[in-house]
Amino acid sequence: MRFSLAAIVAAAVCANALGQTGGGCSVTVKPDPNFNFTAIANKPVLNDIVLWDKDGPFGPLPQRILLAGVLTNPGNQTVNHMIVSYDPVAGTWEPVGGGFRPGYGAATAAAVMPNGDVIVTGGFTQSGDTPGGGPLVNANLIARWDGTQWNAMGSGIQATSGFGVFDMAVTPSGELIIVGAQQGAGGVASRFITKWTGTQWVAMNNGLNIAVNESLARSVAVSANGTVYVGGQLAGMGNIVLWTGTQWESMGAGLGECFNIVIDPFEQQPIAITNFIPGVPNNQQSQLAKWNGSSWQPLGNSLSNANAVTVGADGRVYAKSGIDLRMLDRRTNTWVPVPGAPQLLYERFFAMPDGDLIAVAVSGQQRLHRFGPPADCPLVATNFDTASDFSA
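None of the values given here were measured: they were computed from a predicted structure.

Student: Sorry if this is basic, but what is going on with the sheet that holds strand β17 (residues 201-203) here?
Tutor: Pairing between the strands of a sheet comes from backbone hydrogen bonds, and it takes one of two forms, parallel or antiparallel. If you walk across this open sheet you meet the four strands as β12-β13-β16-β17, and the pairing is antiparallel. Of all strands in the sheet, those with a lone pairing partner are β12 (165-170) and β17, marking the two edges. When the angles between neighbouring strand axes are averaged without regard to direction, this sheet yields 30°. Relative to β17, strand β16 (residues 193-196) runs antiparallel, the two being bridged by three bridges. Bridging from a neighbouring strand, W196 pairs with W201 of β17.

Student: Help me understand the pairing of strand β30 (residues 346-351) in this model?
Tutor: A regular strand places its side chains so that they alternate between the two faces of the sheet. Here five bridges tie β30 to strand β31 (residues 357-361), and the two strands are oriented antiparallel to one another. Its bridge partner lying in β31, A351 is registered against L357.

Student: What exactly am I supposed to notice about the sheet that holds strand β14 (residues 182-185) here?
Tutor: As summarised here, the arrangement of the three strands in space is β11-β14-β15, forming an open sheet in which the pairing is antiparallel. Either end of the sheet is taken by a strand with one partner, and the two such strands are β11 (157-159) and β15 (188-189).

Student: Can you walk me through the environment of P265 in this structure?
Tutor: Residue placement: P265 occurs in the loop between β22 (258-263) and β23 (270-274). P265 gets classed as partly exposed once you look at its relative accessible area, which sits at 26%. Here the alpha-carbon distance between P265 and G312, two residues 47 residues apart in the chain, equals 8.2 Å.

Student: Explain the environment of W145 to me, please; I cannot follow it from the model alone.
Tutor: Note on placement: W145 falls in strand β9 (residues 142-145). For the pair W145 and G128, spaced 17 residues apart in sequence, the C-alpha separation works out to 9.4 Å.

What counts, and at which threshold
Every residue gets a number counted from 1 within its own chain, in the order that chain's sequence is written. pLDDT decides what is reported in this predicted model: residues at 70 or higher carry local features, side-chain atom pairs at 80 or more are listed and counted, and totals for whole chains, interfaces and linings draw on all residues regardless. Excluded from the side-chain calculations are hydrogens and water; all other atoms, namely the structure's heavy atoms, are used. When DSSP finds two or more bridges between two strands, those strands count as paired. For the purposes of this entry, the term helix denotes a DSSP run of H or I that reaches at least four residues, the term strand denotes a run of E that reaches at least two, and both are numbered from the N terminus. Geometry is summarised by axes, namely lines fitted to C-alpha atoms with helices restricted to the contacting stretch, and by angles between N-to-C directions that run from 0 to 180 degrees. The buried label goes to any residue with under 20% of its type's maximum accessible area, the exposed label to any with over 50%, and the partly exposed label to all in between, with areas taken from a 1.4 Å probe on protein chains only.

Next comes the structure, spelled out in C-alpha cells:
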C-alpha cells in the first residue's frame, strides 16, 4: 500500500496532534435551517448519502450532498422526492432530474459514476416524465441520470418478493457493483450481485451460490486496488466474501451476519458490523470487526449495538451505538465519545471530504445535522511502519 504526498503531510499533522495533550477538544455544530426535511410517520426515510460533483473535479460548482430515500419537504419545499441534492454553499435543494413519478416507494441506494452520472435504485419501474426529467423511460428498479435525462440500464433488475438492490459501489475502473436480493440484471442471471460495465450487465461467476430463502447481500465496498468485498447473510460462505477476479472466496467461517462494510483508507482492509466474531469472548450484538489479512479481529474495545459505521478521508472511523456517536482512538484501539456531538438517535451519517460529519436524526425538529471535525483531538494515528508505505 502506498500513500501520496498529501497523505504524508496529513500524517505529519496527525503525528503533531498526537504530541498534544488535547484540552478543549470538541466538535463545532453547524446549524443550517435549510438542511432539513420532514419525518414520515415520525421517522425519516433516508437510505443513502453520497457526494456528487455535477461538473467534475475541475469545474467551479461545489460538491453537492446527494440523498436517496423518501424526503418530504426538503428545504421546506412542499413536495416528496426519492432523490434530491443539497448545495451546502448556497443552502439550496433540488430534485435530481425532476425526481421520480409518485407512487413508487423509496429510493434504496445511490452512486455517482466517474463521469458524474447518478445511478439510483428503488421501487420504481419508470423514470422521467417529470419537470426537468426528460421523456418517460421504462427503468426497472434502477436508472441513470446523465445530467439531461433519465436512462434505462438494460432491462433493469430482476428481483423477487419486492426486494431489489440494497447497496452499490463504484470500482476504480469505473464499473458499478450492485448487491441485494436480486436474481440478476439485464437478463443476466447473477444471484445477489451483478456488475454494470457502463454498457451492459455482467455476471460475477453467476453471483453468490447460496440458498435464496436463507440469504441476501446487504453491503458492498471496494478497496483502492479494486478488491470487491460483499457482506450480508450469506449462508455457508462466512457472511463476508471477496472477489478474486474469477471467483468468490469466503473470508473465514463463523463470522456472524454482516450489516455494513466499509474500507479503512489507511490499511485498505474491510471494517464490518457483525453480530458475532469467532474466538472473541463476551460477544455483544452488532459490534465492529476488522480484517487483519488472515482473520477477523475486534475493532476497538466493546461497542455493543453498533448499527452504522463510516470512515472519513482523514482516516477517522466513526460508529454509532444507540444515541452515542463514537470515534476510534487508533493509538489505544478504543472507542471514545465524539466530544460535543449532540446525543440524538441518529439513523445514518456520512463523513465529508473536509472532515465534517453529516448525521441524520430519527427525531427532533432538525433532522439533518452537520458538525465540524474534532481537529484538535489527537485521535488519528496510523500504522505507517516502513519507508515503502510512502511515495510522492
